[in-house]
Amino acid sequence: MPALALMFNALVWGLSWWPFRQFQAAGLHPLWTTVTLYLISLGVISLTHGRAWREFARSPALWVVMLAAGMSNTAFNWGVALGDVVRVVLLFYLMPPWAVLLARLILGERLSALAGLRMLLALGGAAIVLMPAGGGLPWPSSLADYLGLAGGFGFALNNVMLRREAGRSAQARALAMFSGGVLVAGTAASMMAGVGFITWPSLAGPGWLLPLAGMALLFFLSNISLQYGAARLPANITAIVMLVEVPVAAASALWWGGGHLDLKTALGGLCIVAAAMLAALERRPKAAEGR
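Computed from a predicted model, the values in this text were never measured in an experiment.

**Regarding the overall build of the protein chain**
Check the secondary structure of the protein chain and you find 15 helices and zero strands. Since a compact globule built from 291 residues should have a radius of gyration of about 19 Å, the 19 Å found for the protein chain is in line with a globular shape. Once the C-alpha set of the protein chain is aligned to its principal axes, its extents read approximately 55 × 55 × 40 Å. Relative to its full complement of 291 residues, the protein chain shows a buried share of 47%. Sequence-distant contacts in the protein chain: of pairs separated by 6 or more residues, those separated by 24 or more amount to 85%. With an accessible surface of roughly 14,000 Å², the protein chain has 71% of that area assigned to carbon and sulfur atoms. Across the protein chain, the centroid of the 18 positively charged side chains sits 10 Å from that of the 9 negatively charged ones.

This is the structure in structure tokens:
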């Protein structure tokens, strides 16, 4: 059951790009969709575990979790709705270098030889993915590329901070992540709508409210499934199962016209996924696990 719960979470996130694009076509920008989804989840947590707000308010480290989770969700949701889904998901999973550096700075973990290999493998994969067709420096070529990279950095920071704050209650940590989706996406959407870069929230008709509520329920259940599965399986197994999101997103994007896969992207993607697999398979010292 824990593995199935994690696979359900990965399935929801791997397919999430499609409904985000449908809502965008109906007039609701992905940032406003993100605010709506997490506002509903935040309301549920507040009603059922209202005391978690006190713990959250007294824990500045959870504020960092809030910002990291909000950055991750905002960038990923906007990126997959805006650009090539395959590229965005691969760049999002460019987490090993971020995680290694952040774990060193925040947790004081040593930089092992295997960690260095993961960094080189992931960075090499990213360079292949970002390499222009006509040659030149491997640099992000679109806003979607930058969003994929920013989302991966936010996700790595979120994971490292959650490890640091493992002693906090699950409700307070969930509250931090849900409030981050509302705060960061809401702030970004309001600022851009204020200058006319995006439109204010609207839908083509009331018939879209039911699909929006259904998607909010799926996102809430996927987050509950993630917490259920991650709490009952070793961290390395959790990380491997979560990689199911990559082939799900890639296959659905290729099938439904949300992206394309050429040889260059495939080779770079294999390097990035291999780096993530190495990170999942690496055994951590018991002292680090205790922290």
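**Some remarks on helix H13 (residues 245-256)**
The periodicity of an α-helix, 3.6 residues per turn, causes residues three or four positions apart to be oriented the same way. Taking 1.5 Å per residue, twelve residues should reach 16 Å; H13 reaches 16 Å between its end C-alpha atoms and fits that length. Taken together, the buried positions of H13 are occupied by Glu-245, Val-246, Val-248, Ala-249, Ala-250, Ser-252 and Ala-253. Gly-257 occupies a position one or two residues after H13 and carries a positive phi of about 80 degrees.

**Concerning the packing of helix H7 (residues 96-107) against helix H8 (residues 113-130)**
Two elements in contact, H7 and H8, have axes separated by 8 Å at closest approach and are oriented at 145 degrees. The element H7 and its partner H8 pack so that their crossing is left-handed. Packed against H7, whose contacting residues are Pro-96, Pro-97, Val-100 and Leu-101, the element H8 presents Ala-115, Arg-118, Met-119, Ala-122 and Leu-123 at the interface. Considered class by class, the residues forming the contact of H7 with H8 number eight nonpolar, no polar and one charged.

**As for a nonpolar patch on the surface**
A contiguous nonpolar patch, built from Leu-82, Leu-137, Trp-139, Leu-143, Tyr-146, Val-195 and Phe-197 and spanning about 840 Å² of accessible area, is present on the exposed surface. Position of Leu-82 among the secondary structure elements: in helix H5 (residues 60-82). Residue classification places Leu-82 among the partly exposed residues on the basis of a relative accessible area of 42%.

Here is what the cut-offs are and how they apply
Residues numbered from 1 in each chain as written. Predicted model: local features only at pLDDT ≥ 70, side-chain atom pairs only at ≥ 80, totals over all residues. Heavy atoms only, no water. Helix = DSSP H or I, 4+ residues; strand = E, 2+ residues; numbered from the N terminus. Rg over C-alpha atoms; globule rule 2.2 N^0.38 Å. Buried < 20%, exposed > 50% of the residue type's maximum accessible area, 1.4 Å probe, protein only. Contact = heavy atoms within 4.5 Å. Areas by Shrake-Rupley, 256 points an atom, 1.4 Å probe, with all protein chains shown as cover. Lys, Arg positive; Asp, Glu negative; His and termini not counted. Charge placed at Lys NZ, Arg CZ, Asp CG, Glu CD. Expected span 1.5 Å × (residues − 1). Axes fitted to C-alpha atoms, helices over the stretch in contact; angles between N-to-C directions. Left-handed = near helix turned anticlockwise from the far one by under 90°. Nonpolar A, V, L, I, M, F, W, Y, C, P; charged D, E, K, R; others polar. Patch = residues over 30% accessible without salt bridge, like charges linked within 9 Å, V, L, I, M, F, W, Y side chains within 5 Å. Salt bridge = Lys/Arg side-chain N within 4 Å of Asp/Glu carboxyl O.

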